[in-house]
Amino acid sequence: MTGPGLLTALWLAPLVGALVVVVLPASARRAARPLALVTSLVVLGVAVALTVGFEPGGETHQFVESRPWIPAFGATYTLGIDGVALVLVLLTAALMPLLLLAGWRDTDGPGGDRPAPNGRRTQAYPALMLATQGLALVAFTSLDVLLFYVAFEAMLIPLYFLIGGFGTGAFGDSGADRARATVRFLLYNLLGGLVMLAAVLGLYMYTDRAGLGPDGRGTFDYRLITDAVADGRLQIPPGAMLLLFAGFTLAFAIKAPLWPFHTWLPGAAVAATPASAVLMMAVVDKVGTFAMLRYSLPLFPEAAATAAPVMVTLAVISIVYGGIMAIAQSDLLRLIAYASISHFGFIVLGVFAATEQSATGSTLYMVNHGIATAALFLVAGFLVRRHRIREIGYFGGVQQAAPLLAGVFLIAGLATLSLPGLAPFISEFLVFVGTFEVYPVAAVLATSTFVLAAVYILWTYQRVMGGPVAPGLRSTPDLTTRERVVLAPLVVVLIVLGFYPQPALDVIDPAVAETVAHVEGATR
């Protein structure tokens, strides 16, 4: 048993910060955003300390903290990180200060349902952002299945209010559009969570029969369960294992989102503010793909092997479908949301190809997609906010009026289509190579993303940024100082990881190798 440590501080700081921001008196409401920003920087400091102290190639799970939680059911408060969790923790911590800065004026705008700068909503918005971050960090670091489930579901609460209460109705959506998108987001994810809860309880029942817990009863301890799966002490009938796998993976596929469970994402992405949409796509949705690698494969290796062809097929459909739908969009932000569906398909493909190269590429892709999507969606959001219109056809010639904005959009777009020299290229290449070893047809079909992405990114850039200046756009302001501060680190990281991804790979490789070895050993 260990006491509170860095991992507890990691998730507790944003939740405490959110609470403090919410209870600020009316006279201090203007301090809400600076206080939230300072809190996010504290969280980033803790994440950096974890990164510095992490030993690649050392113990699989490091900084482990464990205390009793619900002893009667074998549930514990157990946290720990491996290389996969670490890079996602660092992504989550690094993005939040930038997102808070990007959304600094999201509750200020004129008219409509926008309140005055000193309104209560000025406190609620950054508090909900911090709460979402804290719960995501619990999910990434949990080593107890029940604790993970609680965080996985609890994330829906602040996100629901971020989408429904702070949406972009002034950008062209009516309140009814926003309400429909919010309800669809909630219903889809609640359905997945309920199915997962049944699977969590079913898994506990089998651990209880095997007497895996310290007291000879059941357990939710991830490490105990995976060890028992590896050495044969936990025997689950094939049919039951397939059902449990399906229960877990359905929830993760909805969160990811994977075709055909994706339909909630485009509406939610355009209904939310750009900053909260990035939080959803770059962080929260990554909990789904992370959980596939963390739970679906190691807990149910035989079922995962059986279901792999189906999951690979769905992933390829997501890749192609997302790309085609992105090309068909006339809404700039919806286009980026569909592009994300395509990229999530590539991540899932790498996970279920289950080779060391594909899984490593998939993990790195989670990080790189988060950075690239953040840059592209935010710069597009900055442009949309200037004119309060999302229609691509409205724009044209923006590069003449706002060359810096157009330049960042181009770099982020080229990263999204995985141009060599930018971060997503190496991760997409690893997924492709690793998948080709076991599913060559799927890998070849997945290469269509290169063509589709080139079409929807370059064509969009040409229509929005190129050509003569459209009426009403000549006075478009270029990036402000605050916006440059937000976007500059994202662009720098895209370039640095594009040319030198080795530090990230050194952290990811050992954890991925152990997961793949565990799955291969259990399925022999």
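Keep in mind that this is a model prediction, so the values were computed, not measured.

Draft legend 1. Representation of the overall build of the chain in the model. Assigned secondary structure in the chain consists of 21 helices and 2 strands. Rg of the C-alpha trace for the chain: 22 Å, near the compact-globule value of 24 Å for 524 residues, within the 12% margin. A principal-axis box enclosing the C-alpha atoms of the chain has dimensions of 70 × 60 × 40 Å. Burial status across the chain gives 60% buried among its 524 residues. Across the chain, the fraction of contacts at a sequence separation of at least 24, relative to all contacts at a separation of at least 6, is 82%. When the accessible surface of the chain is split by element, carbon and sulfur atoms take 69% of a total near 18,100 Å². Computed over 28 positive and 29 negative side-chain charges, the inter-centroid distance for the chain is 15 Å.

Draft legend 2. Main features of the confidence of the model for the chain. Chain-level statistics for the chain give a pLDDT mean of 88 and a share of 94% at 70 or above. Residue range residues 110–118 is modelled with pLDDT below 50. Its contacts to residues more than four positions away, or to other chains, number 19 contacts.

Draft legend 3. Quick look at empty space enclosed by the protein. One pass over the full model with this rule turns up 2 cavities of 30 Å³ or more. Of the volumes computed, that of the largest cavity is approximately 50 Å³. Class assignment for the residues of the lining of the largest cavity results in 4 nonpolar, 1 polar and 1 charged. As for the second largest cavity, its lining consists of His343, Tyr365, His369, Ala372, Thr373, Ala415, Thr416 and Pro424. Counting residues per element, the ones that place at least two in the lining of the second largest cavity are α14 (356–387) and α16 (403–416).

Draft legend 4. Quick peek at helix α17 (residues 424–438). Along its 15 residues, α17 runs 22 Å from first to last C-alpha, staying within 8% of the 21 Å computed at 1.5 Å per residue. By the burial criterion, the buried members of α17 are Pro424, Ser427, Glu428, Leu430, Val431, Gly434 and Thr435. Summarising the axial view, the buried residues of α17 lie within an arc of 155 degrees, below the 170-degree limit, and thus occupy one face.

Draft legend 5. Looking closely at the side chain of Thr435. With respect to the helices and strands, Thr435 occurs in helix α17. Taking the relative accessible area as the measure of exposure, Thr435 reaches 0% and is therefore buried.

Draft legend 6. Spotlight on the layout of surface pockets. By volume, the largest pocket amounts to about 540 Å³. Considering the residues around the largest pocket, the lining is formed by 22 residues, among which Leu90, Ala94, Ile371, Val493 and Leu497 are closest to the centre. When residues of the lining of the largest pocket are traced back to their parent elements, those giving at least two are α2 (32–53), α3 (83–102), α14, α20 (481–499) and α21 (502–522). For the lining of the largest pocket, the leading source of residues is α3, giving 8 residues. Classifying every residue of the lining of the largest pocket by side-chain character gives 21 nonpolar, 1 polar and no charged.

Draft legend 7. Representation of the nonpolar core. Grouped together as the largest cluster of nonpolar side chains are 197 residues, with contacts concentrated most on Phe248 and Phe252. Leave out the neighbours within four places in its chain, and Phe248 touches Val145, Met196, Ala199, Val200, Leu203, Tyr295, Leu299 and Phe300.

Draft legend 8. Focus on the packing of helix α13 (residues 332–353) against helix α19 (residues 448–465). At a closest axis distance of 12 Å, the pairing of α13 and α19 adopts a crossing angle of 165 degrees. The orientation of α13 relative to α19 falls into the category roughly antiparallel. Read as a crossing pair, α13 and α19 show a hand that is left-handed. Taking contact as the criterion, the partners of Leu332, Leu335, Ala339, Ser342, His343 and Phe346 in α13 are, on α19, Thr449, Tyr456 and Thr460. Residue composition of the contact of α13 with α19, grouped by class: 5 nonpolar, 4 polar and no charged.

Draft legend 9. Spotlight on the packing of aromatic side chains. According to the stated counting rule, one finds 19 aromatic pairs in the structure shown. Taken together, a centroid distance of 6.4 Å and an interplanar angle of 65 degrees make the contact between Trp11 and Tyr77 edge-to-face. Here Trp11 is found in helix α1 (residues 6–22), whereas its partner Tyr77 is found in strand β2 (residues 75–81), with 66 residues between them in sequence. By relative accessible area, which is 17% here, Tyr77 ends up buried. An angle of 85 degrees between the planes, with centres 5.2 Å apart, marks the rings of Tyr394 and Phe395 as edge-to-face. Residue class for Tyr394 comes out partly exposed when judged on its relative accessible area of 29%. Phe395 sits in the buried class, given a relative accessible area of 5%. Among the aromatic residues, ring-to-ring pairing joins Phe148, Phe152, Tyr222, Phe248, Phe252, Tyr295 and Phe300 into one connected group. The positively charged end of Arg463 is found above the aromatic ring belonging to Trp459, 3.7 Å away from the centroid.

Draft legend 10. Region of interest: the pattern of salt bridges. A full pass over the atoms with the stated rule returns 5 salt bridges. Asp231 is the salt-bridge partner of Arg233, the closest N and O atoms lying 2.8 Å from each other. For Asp231, a relative accessible area of 45% translates into the label partly exposed.

Reading the values: rules and limits
What you see as residue numbers is a count from 1 along each chain, following the sequence as written. With the structure being a predicted model, the display of local features is reserved for residues of pLDDT at least 70 and the display and counting of side-chain atom pairs for 80 or more, all residues being used for whole-chain, interface and lining totals. Only hydrogens and water are set aside; all other atoms, that is, all heavy atoms of the structure, feed into the side-chain values. Labels follow the DSSP assignment, with helices taken as runs of H or I lasting at least four residues and strands as runs of E lasting at least two, numbered in each case from the N terminus. Within these notes, the globule rule equals 2.2 Å times the number of residues to the 0.38 power, and the radius of gyration is based on C-alpha atoms. Using a 1.4 Å probe on the protein chains alone, a residue whose accessible area is under 20% of its type maximum counts as buried, one over 50% counts as exposed, and one in between counts as partly exposed. Only heavy atoms enter the contact rule, under which two residues are in contact if any of them lie within 4.5 Å. Where accessible areas are quoted, they stem from the Shrake-Rupley method and a 1.4 Å probe; at the residue level, only the protein chains shown are allowed to cover. All tallies of charge rest on Lys and Arg as positive and Asp and Glu as negative; His and the ends of each chain are not included. Where a charge lies is defined by one atom per residue type, namely NZ (Lys), CZ (Arg), CG (Asp) and CD (Glu). Scored from 0 to 100, pLDDT records how confident the predictor is in each individual residue. The rule is simple: put a 1 Å grid over the protein atoms alone, call a set of points where a 1.4 Å probe fits but cannot get out a cavity, call an open set with protein on both sides within 12 Å along at least five of seven lines a pocket, and count a residue as lining if it has an atom within 4 Å of a point. Grid points are joined across faces, edges and corners, and a volume is the space filled by probe spheres set on the points. The classification used treats Ala, Val, Leu, Ile, Met, Phe, Trp, Tyr, Cys and Pro as nonpolar, Asp, Glu, Lys and Arg as charged, and all other residues, Gly among them, as polar. Residue count minus one, scaled by 1.5 Å, sets the expected span of a helix. By definition, the arc is the one covered by directions from the helix axis to the C-beta atoms. Put simply, a nonpolar core is a bunch of buried Ala, Val, Leu, Ile, Met, Phe, Trp, Tyr and Cys residues held in one set by side-chain atoms that sit within 4.5 Å of each other. Every angle, taken between N-to-C directions, lies between 0 and 180 degrees, and every axis is a line fitted to C-alpha atoms, over only the stretch in contact when it is a helix. Oblique is the label for any angle not covered by the other classes, which are roughly parallel (under 35 degrees), roughly antiparallel (over 145) and roughly perpendicular (65 to 115). What makes a crossing left-handed is the near helix being turned counterclockwise from the far one by less than a right angle; a clockwise turn instead makes it right-handed. Planes of paired rings set the category: under 30 degrees apart is stacked, over 60 is edge-to-face and the rest tilted, where pairs are Phe, Tyr or Trp rings (Trp by its six-membered ring) whose centres lie within 6.5 Å. The rule for a charge over a ring is simple: NZ of Lys or CZ of Arg within 6 Å of the ring centre, and within 35 degrees of the ring normal. By definition, a salt bridge exists where a carboxyl oxygen of Asp or Glu is found within 4 Å of a side-chain nitrogen of Lys or Arg.

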